[in-house]
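# Inside the fold
The primary structure of each chain is shown beneath.
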Amino acid sequence: IAAVAPVRLQGIDVPKREGLIPDIKLGTGARIKPYGIFKTSVIHDSSSPQGNDFPLPLLAQDTGPNNSPEFHLRVRGLRLGANFEWLDPAPKTTITGKIEFDFEGDFTRVNNRNVTSIRSSQPSLRLAWMRIDRRFSDQNSMFVLFGQDWSPFVSSTLPNTIENTNFGGIGYGAAYTRLPQAKFGFNHKFGGARNLQFEPEIAIVLPAFGDLPSDVANQLGFGERQGADSQQPGVQGRAVLQWQLDRAPGVVPAQLIFSFEHAQRTAIVTAANVPVAFKPAFPNGAEVSSDSNGYSAEFQLPTHFVTLVGKYYAGSDLRFYLAGQLLSNFNDVAGLTSTATAASIDGASNVVFGLRDGVAVVAPQRPVRAQGGFVQLGFPLSRIFDANPKGRNAGWTAYLYYGGDEVLARDARRFGGRGSHSDLFSGNIQYKWNQWVTFAYEEGYYRTRADLRTGPLPLFRGIPSFTTHNIRSEFAAIFTF
């Protein structure tokens, strides 16, 4: 019985030429192997004021007279994909690809779906990339990847959770994202008894911030634009050290991972939107920018009796990575007088104009600073209790998780008094009945806390509260193929 393997998003081993065993072969030589997962979940939340079937940080809105509990039966966890390989004439070159989508998209509003929209979620793209690997020797190789993939920054490590919409908590420590990118990497195998490998990577990525246009038509048309308006790509890097920590049979290698990111956004105010009092100083409009910077350290340490997985991240404006309590930036109006506000060209930001020492200026926009992370322990119960590998009790595993995400208190207050810290403690047990069917149960305690500040506290059960919580229970039947 194998030990618990981490949820690996990007392996660093060079794909083996003709290593894909295809289910479909095309006349062009392409080799294709489809795959998928279908999950049905029965869910109860003790507090879900946003109405979602997945948890978000609380304190964002009033729950009403009670906790706003909800029940859901969800089948949106349908994920379909295919792996590809093309045989290049050069024997040391491997060309691979992947496409993957799921039904975590929106609920359509067309006439034949209005009444039944709750069961009519739409498909959305997750991954779509092609990769070229070139082996120079048994020790050295390089690769390039083009397309949408998991971001090199902060996305190498994820917890194994039953909740699949946000992998252990949007805003609860399991930061991650997927991005369009062009990525380049080099791999060196040092070898030895531990099979040591090292891989540095660098990528240019779509500069994304998650600052959504206020006009739904604009959001549907271009998603968001403030990153693109900066006129420069985002830059990310990752370094992975891989080795065999535990040489017992059935244990995968360990990894230590470091990453960083940098991107810039720009909010534009058109001339027509400049407040009247400031038009003489800004006759052609105005712009204001801010940066996103982040770094992370991640680890995956599998052994034959327990697997430890975790990460730590810190940075500024980490909203797009589902961190920093989903806060982005704020207007720093300190020292300004006679202020006036104008909407940016996309409606995603309010830009503040004011006077500093009698001179008309635009208030700087500051990124919200944040940090967080998680740790998870995975236990191969069947292996620990020496179950029969061919028997029905060979598929038991259990996981314990703790994660937290927080923003700098003074940034949270200046943003507008949102909750500044959320954490999650959860555990799940999974029973793999056979190679296709798994049953699982997960229990989680989600908590959000606000810092002391001036002004009214957010309402929870109609009462001003420093802390809110949600006890979430989920049972799932999972079919994998």
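Here, every reference points to the structure presented above.
Here is a short report on the structure shown in this document.

What counts as what
Residues numbered from 1 in each chain as written. Predicted model: local features only at pLDDT ≥ 70, side-chain atom pairs only at ≥ 80, totals over all residues. Heavy atoms only, no water. Helix = DSSP H or I, 4+ residues; strand = E, 2+ residues; numbered from the N terminus. Rg over C-alpha atoms; globule rule 2.2 N^0.38 Å. Buried < 20%, exposed > 50% of the residue type's maximum accessible area, 1.4 Å probe, protein only. Lys, Arg positive; Asp, Glu negative; His and termini not counted. Salt bridge = Lys/Arg side-chain N within 4 Å of Asp/Glu carboxyl O. Contact = heavy atoms within 4.5 Å. Pairing = 2+ DSSP bridges. Axes fitted to C-alpha atoms, helices over the stretch in contact; angles between N-to-C directions. Core = buried A, V, L, I, M, F, W, Y, C linked by side-chain atoms within 4.5 Å. Phe/Tyr/Trp six-rings, centres within 6.5 Å; stacked < 30°, edge-to-face > 60°. Lys NZ or Arg CZ within 6 Å of the ring centre and 35° of its normal. Polar contact = N/O pair within 3.5 Å; in protein donor to acceptor, adjacent residues only side chain to side chain.

## Some remarks on the overall build of the protein
Helix and strand counts for the protein come out as 3 helices and 26 strands. Over its C-alpha atoms the protein spans a radius of gyration of 24 Å, differing by no more than 12% from the 23 Å that the globule rule assigns to 481 residues. Seen through its C-alpha atoms, the protein measures out along the principal axes to roughly 75 × 55 × 50 Å. Per-residue burial for the protein yields a buried fraction of 49% across its 481 residues.

## A few points about the side chain of Asp 317
Examined against the element boundaries, Asp 317 turns out to sit in the loop between β14 (307–316) and β15 (329–331). Comment: no salt bridge for buried Asp 317; closest opposite-charge side chain is Arg 265, at 5.0 Å. Once you skip the residues sitting within four places of it in the chain, Asp 317 turns out to touch Phe 209, Arg 265, Ser 290, Asp 291, Ser 292, Leu 327, Ser 328, Asn 329, Pro 367 and Val 368.

## Brief notes about the environment of Val 375
Looking at the element boundaries, Val 375 is found in strand β20 (residues 369–379). Considered as a pair, Val 375 and Ala 477 are 102 residues apart in the sequence and their alpha carbons are 25 Å apart. The contact partners of Val 375, leaving out residues within four places of it in the chain, are Phe 299, Val 309, Gly 310, Leu 400, Tyr 401 and Tyr 402.

## Topic: unusual backbone geometry
You will see that Asp 317, though not glycine, has its phi angle at about 50 degrees, which is positive. One non-glycine residue with positive phi stands out, namely Gln 325, at about 55 degrees. Looking at where Gln 325 falls in the secondary structure, it is placed in the loop between β14 and β15. With a relative accessible area of 2%, Gln 325 lands in the buried category.

## Side note on the sheet that holds strand β17 (residues 350–356)
The sheet built from 3 strands is open, its strands ordered β16-β17-β18 with antiparallel pairing. The open sheet has two edge strands with one neighbour each: β16 (337–343) and β18 (359–362). Averaged over neighbouring strand pairs, the angle between their axes works out to 25 degrees when direction is ignored. Alignment of β17 against β18, held across 4 bridges, turns out to be antiparallel. Looking at the pairing, Arg 356 lines up with Val 359 of β18.

## Observations regarding the nonpolar core
One finds Phe 153, Val 154, Ala 175, Leu 179, Ala 203, Val 205, Ala 208, Tyr 313, Leu 318, Phe 320, Tyr 321 and Ala 323 forming the largest nonpolar core, which totals 12 residues. When neighbours within four sequence positions are excluded, Tyr 321 is seen to be in contact with Ser 151, Phe 153, Val 154, Ala 175, Tyr 176, Thr 177, Leu 179, Gln 236 and Glu 261. Core analysis: the next-biggest nonpolar cluster, separate from the first, contains 11 residues, Ala 267, Ala 342, Val 351 and Phe 353 among them.

## What about the packing of aromatic side chains?
Summed over all chains, the structure comprises 12 aromatic pairs. Where Tyr 172 meets Tyr 446, the ring centres are 5.0 Å apart and the plane angle is 85 degrees; that geometry is what we call edge-to-face. Of the two residues, Tyr 172 sits in the loop between β8 (157–158) and β9 (178–191) while Tyr 446 sits in strand β23 (residues 437–449), which places them 274 residues apart along the sequence. As far as the burial class goes, Tyr 172 and Tyr 446 line up, both buried. Centre to centre, the rings of Trp 396 and Tyr 431 are 4.5 Å apart; their planes meet at 25 degrees, and the pair counts as stacked. Of this pair, Trp 396 sits in strand β21 (residues 396–407) while Tyr 431 sits in strand β22 (residues 421–432), and the two are 35 residues apart along the sequence. Here a set of aromatic residues connected by ring pairs shows up, and it is made of Phe 153, Phe 320 and Tyr 321. The positively charged end of Arg 131 is found above the aromatic ring belonging to Phe 143, 4.0 Å away from the centroid. Positioned above the aromatic ring of Trp 150 is the side chain of Arg 178, whose terminal nitrogen or guanidinium carbon lies 4.9 Å from the ring centre.

## Some details on the environment of Thr 480
In this fold, Thr 480 is placed in strand β26 (residues 467–480). Exposure remark for Thr 480: the relative accessible area of 34% places this residue in the partly exposed category. In sequence terms Thr 480 and Trp 436 are 44 residues apart; their C-alpha atoms lie 4.9 Å from each other. Apart from the residues lying within four places of it in its own chain, the contact partners of Thr 480 are Gly 36, Ile 37, Gln 435 and Trp 436.

## What about the pairing of strand β10 (residues 196–205)?
Burial of β10 is one-sided: the residues Gln 197, Glu 199, Glu 201, Ala 203 and Val 205 facing one way are buried, the residues Leu 196, Phe 198, Pro 200, Ile 202 and Ile 204 facing the other way are not. Turn length for the β9-β10 hairpin, with the two strands adjacent in sequence and antiparallel, is 4 residues, and the turn residue Gly 192 shows positive phi of about 85 degrees. Pairing between β10 and strand β11 (residues 234–243): 9 bridges, direction antiparallel. Each residue of the ladder has a partner; that of Pro 200, found in β11, is Ala 239.

## Comments concerning the pattern of salt bridges
Applying the stated criterion across every chain yields a total of 23 salt bridges. We note a salt bridge from Lys 183 to Glu 201, for which the minimum N-O separation is 3.9 Å. Taken as a pair, Lys 183 in strand β9 and Glu 201 in strand β10 lie far apart in primary sequence, 18 residues in all. Each member of the pair, Lys 183 as well as Glu 201, is classed as buried. Through salt bridges that share partners, Asp 45, Asp 53, Arg 74, Arg 76, Glu 104, Glu 163, Arg 472 and Glu 474 make up one connected network.

## Examining the environment of Asp 23
Its place among the elements puts Asp 23 in the loop between β1 (7–8) and β2 (24–25). Asp 23 sits 11 residues away from Pro 34 along the chain, and the two C-alpha atoms are 7.3 Å apart. Ignoring any residue separated from it by four or fewer positions in sequence, one finds Asp 23 in contact with Ile 32, Lys 33 and Pro 34. For Asp 23, the side chain forms a polar contact with the side chain of Lys 33, separated by 3.4 Å.

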